[in-house]
Amino acid sequence: MRPRRNFHALGRNVFLKNLSETSRLFQMAFFVVVARRFGASVLGSLTVLLTIGSAVGLLCGDLGINTTTIARMSGSPESGRKEVASEALFWKGVLCACTLVLMCAGMYLTRSSGSWLQFTAVAVISLGGLWLEFLCALTNGVNRLEGEVWLRIAYRGIVYGGGCLVALFANVGSVLVYMGVTTIFILAVAFLLLRHYLVPLTVWFRPRRRFELLKESVPVWVTQLAQLTYLKFDLVILVL
């Protein structure tokens, strides 16, 4: 009976993981609406800004903390989960503060838009993606994948789905402001709910074990970057 229960649990978790990814349809719809409503030039500029935000977030905003947090929380008692999640929250905040500055600097250097309001809004949206993955990692750490499903659908539905609707009636600047504000609001509500119902975490930094989490997470981060770049190098080698 136990192997059967494990098989059912595995199938359920795989189903929930795939169900949560259907929320990406809202992102796809957003870019289609922007392209049709504002044209190729605006879409190109927006894509450049979002790409910079995603690239900087990938390089500096995670450092493998999400995966390491899941692994450490999964094998810990409740008190240990709180400790791991709280320490991860501290480092995530530090990394995101640095990442925000780098994102805005990179966007400014592209000269693709003269509005600091747009730079800031896109940076907040990009950071929102990092915090979404972090909160989902916490739900994974306590084996509450159904929470991840609702979180992803609510976040992308309100931010990107709502952005589609706003784009039908307003300019691109208003769209980005709406998406930036709703990103902060949705993630703040999700954080408070998760803290209340799943993990009673706080901002926790222990001086005696200052960089232990980062030391464990950096090798994971290097592995993740290697996975992302492998096919790119492979294709170049094939062409040569």
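Look up a bit, the structure's there.
These figures come from a predicted structure and were not determined experimentally.

Each value, and the rule that gives it
- Residues numbered from 1 in each chain as written.
- Predicted model: local features only at pLDDT ≥ 70, side-chain atom pairs only at ≥ 80, totals over all residues.
- Heavy atoms only, no water.
- 1 Å grid on protein atoms, 1.4 Å probe; cavity = no way out; pocket = protein on both sides within 12 Å on 5 of 7 lines; lining within 4 Å.
- Points joined across faces, edges and corners; volume = space filled by probe spheres on them.
- Helix = DSSP H or I, 4+ residues; strand = E, 2+ residues; numbered from the N terminus.
- Nonpolar A, V, L, I, M, F, W, Y, C, P; charged D, E, K, R; others polar.
- Core = buried A, V, L, I, M, F, W, Y, C linked by side-chain atoms within 4.5 Å.
- Buried < 20%, exposed > 50% of the residue type's maximum accessible area, 1.4 Å probe, protein only.
- Contact = heavy atoms within 4.5 Å.
- Salt bridge = Lys/Arg side-chain N within 4 Å of Asp/Glu carboxyl O.
- Polar contact = N/O pair within 3.5 Å; in protein donor to acceptor, adjacent residues only side chain to side chain.
- Axes fitted to C-alpha atoms, helices over the stretch in contact; angles between N-to-C directions.
- Parallel < 35°, antiparallel > 145°, perpendicular 65-115°, else oblique.
- Left-handed = near helix turned anticlockwise from the far one by under 90°.

Caption draft 1: Spatial organisation of the layout of surface pockets. Roughly 680 Å³ of volume is contained in the largest pocket. Together, 25 residues line the largest pocket, and Ser54, Ser126, Gly129, Leu130 and Glu133 are the ones closest to its centre. Of all the elements in the fold, those that place two or more residues in the lining of the largest pocket are helix 2 (24-38), helix 3 (40-60), helix 4 (65-74), helix 6 (116-141), helix 7 (145-167) and helix 9 (212-239). When residues in the lining of the largest pocket are grouped by element, the largest group, 7 residues, is from helix 3. Here the lining of the largest pocket is composed, by residue class, of 10 nonpolar, 11 polar and 4 charged.

Caption draft 2: Fine view of the nonpolar core. Within the largest apolar cluster, 55 residues are counted, with the highest numbers of intra-cluster contacts made by Phe30, Met107, Leu135, Leu138 and Leu201. Looking at this core, the elements that each hand over two or more residues are helix 2, helix 3, helix 4, helix 5 (78-110), helix 6, helix 7, helix 8 (172-197) and helix 9. Looking at this core, the element that brings in the most residues is helix 6, giving 12 residues. Excluding anything up to four places from it in sequence, Leu138 contacts Thr69, Met73, Ala85, Leu194 and Leu201.

Caption draft 3: View of the pattern of salt bridges. In the structure shown here, the tally under the stated rule is 4 salt bridges. We note a salt bridge from Lys92 to Asp62, for which the minimum N-O separation is 3.6 Å. Here Lys92, found in helix 5, pairs with Asp62, found in the loop between helix 3 and helix 4; they are 30 residues apart in sequence, far enough to count as distant. Lys92 gets classed as buried once you look at its relative accessible area, which sits at 0%. Measuring nitrogen to oxygen at the nearest pair gives 2.8 Å for the salt bridge that ties Arg152 to Glu133. Here the residue Arg152 occupies a position in helix 7, and Glu133 occupies one in helix 6, the gap between them amounting to 19 residues.

Caption draft 4: How the structure looks around the side chain of Thr68. Mapping Thr68 onto the fold places it in helix 4. When its relative accessible area of 6% is taken as the criterion, Thr68 is described as buried. Engagement of the side chain of Thr68 in a polar contact is seen with the backbone oxygen of Gly64, the distance being 2.9 Å. When sequence neighbours within four positions are dropped, the list of residues in contact with Thr68 reads Leu213, Glu216, Ser217 and Val220.

Caption draft 5: Fine view of the packing of helix 3 against helix 6. The N-to-C vectors of helix 3 and helix 6 enclose an angle of 45°; their axes lie 9 Å apart at closest approach. Between helix 3 and helix 6, the crossing angle belongs to the class labelled oblique. Note that helix 3 runs across helix 6; the crossing there is right-handed. Of the residues in helix 6, those in contact with Leu46, Leu49, Leu50, Gly53, Ser54 and Gly57 of helix 3 are Phe119, Val122, Ser126 and Leu130.

Caption draft 6: Layout of the packing of helix 6 against helix 7. Across the interface, helix 6 lies against helix 7 with an axial gap of 8 Å and an inter-helix angle of 165°. Classed by the angle they form, the pair helix 6 and helix 7 counts as roughly antiparallel. Here helix 6 and helix 7 pass one another in a crossing that is right-handed. Residue-level inspection shows Ile125, Gly128, Gly129, Leu132, Glu133, Leu135, Cys136, Thr139 and Asn140 of helix 6 in contact with helix 7, the latter providing Leu145, Glu148, Leu151, Arg152, Tyr155, Arg156 and Tyr160. Class assignment of the residues belonging to the contact of helix 6 with helix 7 gives a composition of 8 nonpolar, 4 polar and 4 charged.

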